[in-house]
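What follows is each chain in one-letter form.
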Amino acid sequence: MAAGTSTLHLLNARLADGGRWTLTVRDGVIAARSPATGAVAAVGDGTRLDLAGALVLPAPVDGHVHLDKTFHGGKWVPHQAGASVRERIDCERRLRRDARPAVAERAEALLRRLLAAGTTALRTHADVDEEIGLAHVEMLLRLRDAYAGAVTMQIVAFPQSGVMRRPGVAALLDDAVTAGADLVGGLDPQSIDGDAAGQLDAVFAIAQRRGAGIDIHLHDADAAGNAQLRDIAARTQAAGLAGRVTVSHAFSLGTPDRGDFERTAGALARAGVSILTSAPGAAPMPPVKPLLEAGVSVFAGSDNIRDSWSPLGSGDMLDRAMLVAWRQGYRSDADLALAYDLCSRLGARALGLPSRGVDVGDRADLIVVEADALGDAIARRPPRKYVIRGGVLAA
Ligand SMILES: [Zn+2]
């Protein structure tokens, strides 16, 4: 059964509203939905799959994951890095030299874990520096080719060790985009590079020259971080890159300074800059609802999974939705649904992918779990009964 030629009828599908529905998927898109009546013969030609009341959700989108950093697929590595970003960078550069098995094998093992959890689209960051050059970008390009039928993968050329303080890295980022990376990354332009204007000049120049998107890690807190966010927003507008720029983490939006928050959120919304959060454990988290109310695009991702930055993480976006809800103090069903939206529909929108959901016209990227309701699925994170990608049963 190939996408584009097939019809799949999902019978007795429970949707988040609690009702039972028949969903008809044609050419990779949800073509019809109607209340389940038990009249199976009425659905017409095509493959029939009786879900017996299992819950159907839009498939997860992991908006930020570091496939090339993980130790997954190898032995447990006790956490060794200090708390600061600089200490973690130095620790990673030391540990990665001896990490086994090879990075390609570990990245593939983690990708397979994400796929098993139902993720059908992701954005992954490939480290680029003067030591590894484009090796990780090329490895992830090969992985993307090998799994092209299973997942949509965007690759960010990511200067984890800095741009301005590492001569040659700006040119490597340009080469990485030419080689096939979709986005050019940045990292703490002020606190790591000590030259915010220099790094942002370089990153935006590459994006404009090559038609690439931008995804910048920004860990700086409070006023210093928000000033950089407004700078990035202004540059995005000037470059005509609305909808193509993401700032990941943006801890500074968690500032208690309401005026600073509102000024910055307004600038991000006007410029079309998206904010990615991993619902971090110990850092201030961007407040999701106030950002959405200000018109800012917000989505979620795993970030580090069992690597030198964090020993934790599962790659399951139902886990991530639980963590978003936990950090934001969400309890109602509506709020839990929002937490999952960040991990699915809103992620697809931020990545510029076709709309996914359970409505007619949505791309049929779906997961099926045994759960009473979406809140139940987030609370228990049951295994995926089925994964459907582009209308095709994937697992
Ligand atoms: Zn990251």
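What you are looking at is a predicted structure, and each value in this text was computed from that prediction instead of being measured.

Draft legend 1. Fine view of unusual backbone geometry. Following Arg 100, the chain continues to Pro 101 via a peptide bond in cis, the omega torsion being -5°. Along the polypeptide, Pro 101 turns up in the loop between helix 1 (85–95) and helix 2 (103–116). The residue Asn 12 is not glycine, and still its phi comes out positive at about 55°. Along the chain, Asn 12 turns up in strand 1 (residues 7–14). Positive phi, close to 55°, is recorded for Asp 27, a residue that is not glycine. Residue position: Asp 27 is located in the loop between strand 2 (20–26) and strand 3 (29–35).

Draft legend 2. How the structure looks around the coordination of the zinc ion. Taken together, the protein ligands of the zinc ion are His 64 (NE2), His 66 (NE2), His 217 (NE2) and Asp 303 (OD), with distances of 2.0 to 2.3 Å. Geometry at the zinc ion is irregular, judged from the four donor atoms that bind it and their angles of 87 to 163° at the metal. Read in sequence order, the donor residues coordinating the zinc ion give the pattern H-x1-H-x150-H-x85-D. Of this pair, His 64 sits in strand 6 (residues 61–65) while Asp 303 sits in the loop between strand 13 (298–300) and helix 9 (317–328), and the two are 239 residues apart along the sequence. Side by side, His 64 and Asp 303 carry an identical accessibility label, which is buried.

Draft legend 3. The arrangement of the pattern of salt bridges in detail. Evaluation of the coordinates by the stated rule reveals 27 salt bridges. The residue Arg 97 makes a salt bridge to Glu 131 at a minimum N-O spacing of 3.0 Å. Pair noted here: Arg 97 is in the loop between helix 1 and helix 2 and Glu 131 is in the loop between strand 7 (121–127) and helix 3 (135–146), with a separation of 34 residues, a long-range link. Under the relative-accessibility criterion, Glu 131 is labelled partly exposed at 37%. When the shortest N-O distance is used, the salt bridge between Asp 174 and Arg 210 registers 2.7 Å. One end of the pair, Asp 174, is in helix 4 (residues 169–179); the other, Arg 210, is in helix 5 (residues 196–210), and 36 residues separate them in sequence.

Scoring rules and cut-offs
Residues numbered from 1 in each chain as written. Predicted model: local features only at pLDDT ≥ 70, side-chain atom pairs only at ≥ 80, totals over all residues. Heavy atoms only, no water. Helix = DSSP H or I, 4+ residues; strand = E, 2+ residues; numbered from the N terminus. Donors = N, O, S within 2.8 Å, 3.2 Å for Na, K, Ca; no water. Tetrahedral: all angles 85-135°; square planar, octahedral: opposite > 155°, others 65-115°. Buried < 20%, exposed > 50% of the residue type's maximum accessible area, 1.4 Å probe, protein only. Salt bridge = Lys/Arg side-chain N within 4 Å of Asp/Glu carboxyl O.

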